Amino acid sequence: MITYCIRKALLSSWRAVCLGTECAIQDKSCDSYQRCLSSVAKHVMPKKPKGVAYRKARHFVDFIEVQVSGGKGGNGMLSFLSLPKREWAGPDGGNGGNGGHVIFKASHSTKSLSHLKPVEVAPNGTKGGTKQRDGKNADHRFIEVPLGTLIKSEDGQVLSSLDNDGDVYVAARGGAGGKGNYFFLTNENRAPAVAELGATGQERKLFVELKTMAHAGLIGFPNAGKSSLLRAISRAQPEVSAYPFTTLNPHVGMVLYEDHEQIAVADIPGLIPGAHQNKGLGISFLRHIERCLCLIYVIDLSIECPLEQLNHLKYELDQYQPGLSLRPNLLIGNKIDLPGAEQKLEDLKRHVQGMDGCVETRPREISQMPVLGVSAKHLIGIDELLYQLRVMYDAYKKDEKPI
Ligand SMILES: Nc1nc2c(ncn2[C@@H]2O[C@H](COP(=O)(O)OP(=O)(O)O)[C@@H](O)[C@H]2O)c(=O)[nH]1
Ligand SMILES: [Mg+2]
């Protein structure tokens, strides 16, 4: 016990010395010192190794069109009982069982719609039997969906919003089971020779979509390094290659912080000049951006004019939805490791802060946007990026602005 206490005391004094030196050596006006005092949690790199190769194919689905069909009801039985010494014992056909419903159920443990199939069918009820035995009702087909899922009809009308854990929406009702001929036995008709067929289940097409896809979306033109950046900050594994449209589907990675907060970051591919007119991979990718709470512009510093790229990006977003480019945002100049990139980053900074002599007035959301130089390939500036991401996320959470 005494040894334990001594060890504990030694450990705590050693920790105090370490912390003391860490802050003491810093210049009090510098960023790191301020950060040491600030309450913003530090990020932690994931300890688990990345998933195995076959997982690479997995991507995030936030919108899907589903054809839902309820189960068919079982047919009623048409039968007459015949017993020893009682040949005409009367009708004894049982009723069919009801078909199952297709039900969407909100669950906090589901994060994506990737497990939904284009056609979802509930099981059928079983038919009625002889000796007045009823068929079995089918089980309902429960489909778990993430919290914040919207169910829309074909004409775009919102039918339901599943916001709380356990919320359900009956998407397609199962058909009722048919009545057997015993049901039709009356005093007037002692031998009814009729039985019903089971009803068919409801069938319809629905759009299932998520209100929010991720906390932050990486927005940039092809080859800017969005996928490389997501790989650098999370365990996600989008494909990376030196040609455009390597990534065809959005990927979401989680950034972890030491206070156990997790920030979801999405790599959204497919944005090119003219995307709002359905060019390239189409408008569906702008729809993904709409579902991100904050935006991270990723600009390629290896090209001739990064500033033009930024203006194109903002134009595309605003053409799709006015004001979309003004969401809380960060500006990342990627490939800072390449020669000449530092100068281009400086130009970008000066433009954003309105110090380049340009008369155009910039909204406050743009002029105060942090501008960072990073290299996703060589892991330069990643710490600063994750710090700014957390600051932006905390500010969003404090404001709780509905988007
Ligand atoms: N030199 C350098 N190359 C990079 C950097 N980040 C990405 N790249 C390269 O840029 C190319 C496109 O990257 P990718 O992540 O697929 O871009 P995306 O199309 O925006 O997803 C790949 O060949 C990467 O190796 C970087 O920081 N420095
Ligand atoms: Mg990519």
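A quick note: this is a predicted structure, and the numbers were derived from the prediction, not measured.

Looking now at the sheet that holds strand β11 (residues 203-210). Spatially, the five strands line up as an open sheet ordered β6-β2-β11-β8-β9, and their pairing is mixed. Either end of the sheet is taken by a strand with one partner, and the two such strands are β6 (119-121) and β9 (158-162). The sheet shows a mean angle of 25 degrees between the axes of neighbouring strands, taken without regard to direction. Here strand β2 (residues 63-69) runs beside β11; their pairing, made up of seven bridges, is antiparallel. In the sheet register, F63 faces β11, and the bridge partner there is E209.

Let's shift gears to the packing of helix α5 (residues 306-320) against helix α6 (residues 341-352). Interhelical geometry of α5 versus α6 gives an angle of 45 degrees and a closest axis separation of 9 Å. Compared by their axis directions, α5 and α6 come out oblique. Contacts from P306, L307 and L310 of α5 reach α6 at K344, D347, L348 and H351. The residue makeup of the contact of α5 with α6, split by class, is four nonpolar, one polar and two charged.

A few words now on the site of ligand 1. Residues in close proximity to ligand 1 total 20 residues, the closest being G225, S227, S228, A242 and K377. Its residues placed into classes, the shell around ligand 1 shows six nonpolar, 10 polar and four charged.

What follows deals with the sheet that holds strand β7 (residues 141-145). Pairing is mixed across the open sheet formed by three strands, whose spatial order is β7-β5-β10. Two strands close off the open sheet at either side, each with one partner strand: β7 and β10 (168-172). For this sheet the average axis-to-axis angle between neighbouring strands, irrespective of direction, equals 30 degrees. The sheet contact formed by strand β5 (residues 102-106) and β10 spans four bridges and is antiparallel. From the neighbouring strand, F104 faces β10, where its bridge partner is Y169.

Before going further, it helps to examine the nonpolar core. Where a protein is soluble and globular, its nonpolar side chains tend to be buried together. By size, the foremost hydrophobic cluster in this structure holds 54 residues, and its most contacted members are I219, V265, A266, Y297 and I332. At eight residues, strand β15 (residues 292-300) tops the list of elements feeding residues into this core. One finds A106, V145, A172 and L206 within the second-largest nonpolar core, a separate group that totals 15 residues.

Moving on to α5. With 15 residues, α5 ought to run about 21 Å at 1.5 Å a step, and its terminal C-alpha atoms sit 22 Å apart, in line with that. Turning to α5, its buried residues number three or more, namely P306, Q309, L310, L313, E316 and L317. Projected down its long axis, α5 carries its buried residues within an arc of 130 degrees, all on one side.

Located in the positive-phi region is K85, a residue other than glycine, with phi close to 65 degrees. Along the polypeptide, K85 turns up in the loop between β3 (80-83) and β4 (86-91). A count of 5 C-beta atoms within 10 Å places K85 in the exposed class. The residue K131 is not glycine, and still its phi comes out positive at about 55 degrees. Take K131: it is sitting in the loop between β6 and β7. Judged by the 11 C-beta atoms lying within 10 Å of it, K131 is exposed.

Where burial is concerned, most of strand β14 (residues 262-267) is hidden: five out of the six residues are buried. Where strand β12 (residues 214-219) lies against β14, three bridges are found, and the strand directions are parallel. When the sheet's bridge partners are listed, L218 is paired in β14 with D267. As paired strands, strand β13 (residues 251-257) and β14 are joined by six bridges and run antiparallel to one another. Paired with M254 across the strands is A264, a residue of β14. Here β13 folds back onto β14 in antiparallel fashion, the turn holding four residues, of which H260 has a positive phi close to 70 degrees.

Following the sequence through the fold, N95 ends up in the loop between β4 and β5. Spatially, the C-alpha atoms of N95 and L78 are 9.4 Å apart, while their sequence positions differ by 17 residues. If sequence neighbours within four positions are ignored, N95 has contacts with G76, G128, D134, G135, G177, G178, K179, G180 and F183.

What counts as what
Residue numbers restart at each chain and count upward from 1, following the sequence in its written direction. All chains are assigned letters beginning with A, and all ligands numbers beginning with 1, in the order in which they are written. Under the rules for a predicted model, residues below a pLDDT of 70 receive no local features and side-chain atom pairs below 80 are neither given nor counted, while totals for whole chains, interfaces and linings still include all residues. At least two DSSP bridges between two strands are needed for those strands to be called paired. Only DSSP runs of H or I reaching four residues or more are called helices, and only runs of E reaching two or more are called strands; each is numbered from the N terminus. To obtain each axis, a line is fitted to C-alpha atoms, and for helices this fit is confined to the stretch in contact; angles are then taken between N-to-C directions over 0 to 180 degrees. Reported orientations rely on four angle classes, namely roughly parallel under 35 degrees, roughly antiparallel over 145, roughly perpendicular from 65 to 115, and oblique for the rest. Once C-beta atoms have been placed from the backbone, residue pairs whose C-beta atoms lie within 7 Å are recorded as contacts. Each residue gets one of three labels, nonpolar for Ala, Val, Leu, Ile, Met, Phe, Trp, Tyr, Cys and Pro, charged for Asp, Glu, Lys and Arg, and polar for the others, Gly among them. We call a residue near a molecule or strand if the C-beta atom, set from the backbone, is within 6 Å of it. As used throughout, a nonpolar core is a set of buried Ala, Val, Leu, Ile, Met, Phe, Trp, Tyr and Cys residues joined through C-beta atoms within 7 Å of each other. Each residue is classified by how many other C-beta atoms fall within 10 Å of its C-beta atom, where C-beta atoms are placed from the backbone; a count of 20 or more means buried, 12 or fewer means exposed, and values in between mean partly exposed. Take the number of residues in a helix, subtract one, and multiply by 1.5 Å to get its expected span. Along the arc lie the directions from the helix axis toward the C-beta atoms.

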